[in-house]
Amino acid sequence: MEAAFLCTDELWSQGFGETHPLKPERLKRTYELLKAYHAFDTPDSHLVEPRPVSREELLLFHTAEYVDAVASLSDGLSLSKGRGEGRVQARRYNFRPDETPVFPGMYETAGLKVGAALTGARLIAEGQVQVAFSFAGGMHHARPALASGFCIFNDAAVVIHWLLRQGLRVAYVDIDVHHGDGVQAAFYDTDQVLTISLHQAGILFYPGTGFPEEIGTGAGYGYSINVPFLPYTDDELYLLTFRQVVPPLVRQFAPDVLVTQLGVDTHYRDPLALLMLTTQGYVAVVEELKALADGIGRWLALGGGGYAVDVVPRAWTLAYGLMSGQTFPDELPPAYGERYGPGWLHDTAGPEPADAWVIEDTRKYVEKGIAALRAQTQDVWRWE
Ligand SMILES: [Zn+2]
């Protein structure tokens, strides 16, 4: 496959800052690691600079009122106005200092992530590449008129709307540890987009949704699929479950484009969540997605969460290696190792083994979830 990697340092030059979990450093290091592996020096792998997004493109998903509010908060005008007006406006759109804080230039930075997804989608739609990785995107929680969960503009929802306008049906697979609630809600009533989200169950866990009962409505009934996992779910159970649900449903749906959100906060060392995947498990899942994408011929991959800064660059480098048909030596290249410490591309350790009763609980929970999915969708999907 011809692959494009959407990147510019403007994606990480501004952000929530280094004390926020979504550190710009994650993106910078990923690019540096790929560069150190000479990942863009082969003819089938293209480093592509994303173009900015237009206001009209944002309006494919977001409301005009919200887009204008983000613009005015971004340039600081509203915040500097008297009587706390800016703070009131920020709160109205769910910008909160403890979660999704306002920062100067956020319109441009958040917008560029959408521009990157659209740049990739256009290259794919025109047949110039078969796969594009917009690693700075995957902002799956943002709503039409609300910021949410570190997400300001929802690049996934915007780009899927754009793809639908090109007459292309989309299967969206979200492997971030958090439920892809914003994308699910955007396409809840249509059968033109199949959304599948696998995540840590929303029991005392953000965003609190993503249960098998959320199945879609009207024409969209059966086209929203949710697979929640309990804490301590490991590589083995995750993969087994993924294979039971994702390939059979995506193949039956037969989309024109596969869009994936490749958050890596499922990792056992992630500070925000409690799933116990390793890079080996993550790679096995991305391999499954690649096999599906090979059959479809068009794959737009987006980044997502992942808050362990030494894990994210390795996981996304491995993912891009699969997309662009490259295998990198497992020892981290000296140019990267000298800066961040030597090490290996794959994990060399794993999580502490969980107690037998915990493993049994995680397994039973998944079985119950899949049984519920099957029961509700037997008129929509053939389950093997
Ligand atoms: Zn996440």
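So, here is what we can say about the structure in this document. (Residues numbered from 1 in each chain as written. Predicted model: local features only at pLDDT ≥ 70, side-chain atom pairs only at ≥ 80, totals over all residues. Heavy atoms only, no water.)

1. Things to note about the coordination of the zinc ion
In step 1: On the protein side, the zinc ion has D176 (OD), H178 (ND1) and D265 (OD) as donor atoms, found 1.9 to 2.1 Å from it.
In step 2: Donor residues for the zinc ion, ordered by position in the chain, follow D-x1-H-x86-D. With H178 in the loop between β4 (170-174) and α9 (181-186) and D265 in the loop between β7 (257-261) and α11 (279-296), this residue pair connects regions lying 87 residues apart in the sequence.
In step 3: Taking relative accessible area as the criterion, D265 reaches 0% and is therefore assigned buried. (Donors = N, O, S within 2.8 Å, 3.2 Å for Na, K, Ca; no water. Helix = DSSP H or I, 4+ residues; strand = E, 2+ residues; numbered from the N terminus. Buried < 20%, exposed > 50% of the residue type's maximum accessible area, 1.4 Å probe, protein only.)

2. Concerning the environment of P43
In step 1: For P43, the location among the structural elements is in the loop between α2 (25-36) and β2 (45-48).
In step 2: Between the C-alpha atoms of P43 and E2, which are 41 residues apart in sequence, the distance is 8.4 Å.

3. Regarding the sheet that holds strand β5 (residues 193-200)
The strands making up a sheet associate through hydrogen bonds between their backbones, and the pairing can be parallel or antiparallel.
In step 1: Spatial ordering of the open sheet is given by β2-β1-β3-β8-β7-β4-β5-β6, a layout of 8 strands whose pairing is parallel. Edge positions in the sheet fall to β2 and β6 (224-229), since each has one partner strand and no second. Geometrically, the sheet is characterised by an average inter-axis angle of 15° between neighbouring strands, direction not taken into account.
In step 2: In this structure, strand β1 (residues 3-6) lies alongside strand β3 (residues 131-134), joined through 3 bridges in parallel fashion. Bridge assignment links A4 to a residue of β3, and that residue is A132. (Pairing = 2+ DSSP bridges. Axes fitted to C-alpha atoms, helices over the stretch in contact; angles between N-to-C directions.)

4. So, the environment of A201
In step 1: Structurally, A201 can be placed in the loop between β5 and β6.
In step 2: Judged by relative accessible area, A201 falls into the buried class, the value being 3%.
In step 3: Taking the C-alpha atoms as reference points, A201 and A171, separated by 30 residues in sequence, lie 22 Å from one another.
In step 4: Apart from residues no more than four positions distant in its own chain, A201 is found in contact with F211, P228, F229 and Y365. (Contact = heavy atoms within 4.5 Å.)

5. What about the packing of helix α10 (residues 235-253) against α11?
Packed helices, taken two at a time, are described by the angle their axes make and the gap between the axes.
In step 1: Relative orientation of the contacting elements α10 and α11 amounts to 10°, with a least axis distance of 10 Å. One way to sum up the angle between α10 and α11 is to call them roughly parallel. Seen from α10, the contacting residues are D235, Y238, L239, F242, R243, V246, P247, V250 and R251; seen from α11, they are G281, A284, V285, E288, L289, L292 and I296.
In step 2: When the residues that make up the contact of α10 with α11 are grouped by side-chain class, the tally is 11 nonpolar, 1 polar and 4 charged. (Parallel < 35°, antiparallel > 145°, perpendicular 65-115°, else oblique. Nonpolar A, V, L, I, M, F, W, Y, C, P; charged D, E, K, R; others polar.)

6. What to know about the state of the cysteines
In step 1: For the structure shown, the criterion picks out 0 disulfides.
In step 2: Free cysteine: C7, not disulfide-bonded; nearest cysteine sulfur from C151 at 19 Å.
In step 3: What makes C151 buried here is its relative accessible area of 3%. (Disulfide = S-S within 2.5 Å.)

7. Re the pattern of salt bridges
In step 1: Considering all chains together, one arrives at 15 salt bridges under this definition.
In step 2: Put simply, R96 and D98 hold a salt bridge, and the shortest N to O gap is 3.5 Å.
In step 3: The class for R96 is partly exposed, based on a relative accessible area of 32%.
In step 4: Of the residues examined, D98 reaches a relative accessible area of 64% and is grouped as exposed.
In step 5: Notably, a salt bridge pairs E288 with R243, separated by 2.6 Å at the nearest N-O pair. Of this pair, E288 sits in helix α11 while R243 sits in helix α10, and the two are 45 residues apart along the sequence.
In step 6: Overall, R243 belongs to the partly exposed group, its relative accessible area being 42%.
In step 7: Through salt bridges with shared partners, one network takes in E360, R363, K364 and E367. (Salt bridge = Lys/Arg side-chain N within 4 Å of Asp/Glu carboxyl O.)

8. Description of helix α14 (residues 356-377)
In step 1: For α14, with 22 residues, the first-to-last C-alpha span of 32 Å sits near the 32 Å given by 1.5 Å per residue.
In step 2: Where the residues of α14 are buried, they touch β6 and α10. (Expected span 1.5 Å × (residues − 1).)

9. With respect to empty space enclosed by the protein
In step 1: Counted according to the given criterion, the structure contains 1 cavity of 30 Å³ or more.
In step 2: The calculated volume of the largest cavity comes to roughly 190 Å³.
In step 3: Lining the largest cavity are 21 residues, with F16, L22, F103, T109 and K113 positioned closest to its centre.
In step 4: For the lining of the largest cavity, the secondary structure elements donating two or more residues are α1 (10-13), α2 and α7 (106-125).
In step 5: Of the residues belonging to the lining of the largest cavity, the class tally is 15 nonpolar, 3 polar and 3 charged. (1 Å grid on protein atoms, 1.4 Å probe; cavity = no way out; pocket = protein on both sides within 12 Å on 5 of 7 lines; lining within 4 Å. Points joined across faces, edges and corners; volume = space filled by probe spheres on them.)

10. Examining the packing of α11 against helix α12 (residues 312-323)
In step 1: Running from N to C, α11 and α12 point in directions that differ by 30°, and their axes come no closer than 10 Å. One way to sum up the angle between α11 and α12 is to call them roughly parallel. Viewed along their axes, α11 and α12 form a crossing whose handedness is right-handed. Listed contacts from α12 to T279, Y282, V283, V286, E287 and K290 of α11 are R314, A315, W316, L318, A319 and L322.
In step 2: In terms of residue class, the contact of α11 with α12 is built from 8 nonpolar, 1 polar and 3 charged. (Left-handed = near helix turned anticlockwise from the far one by under 90°.)

Just distances and angles here, no functional claims.
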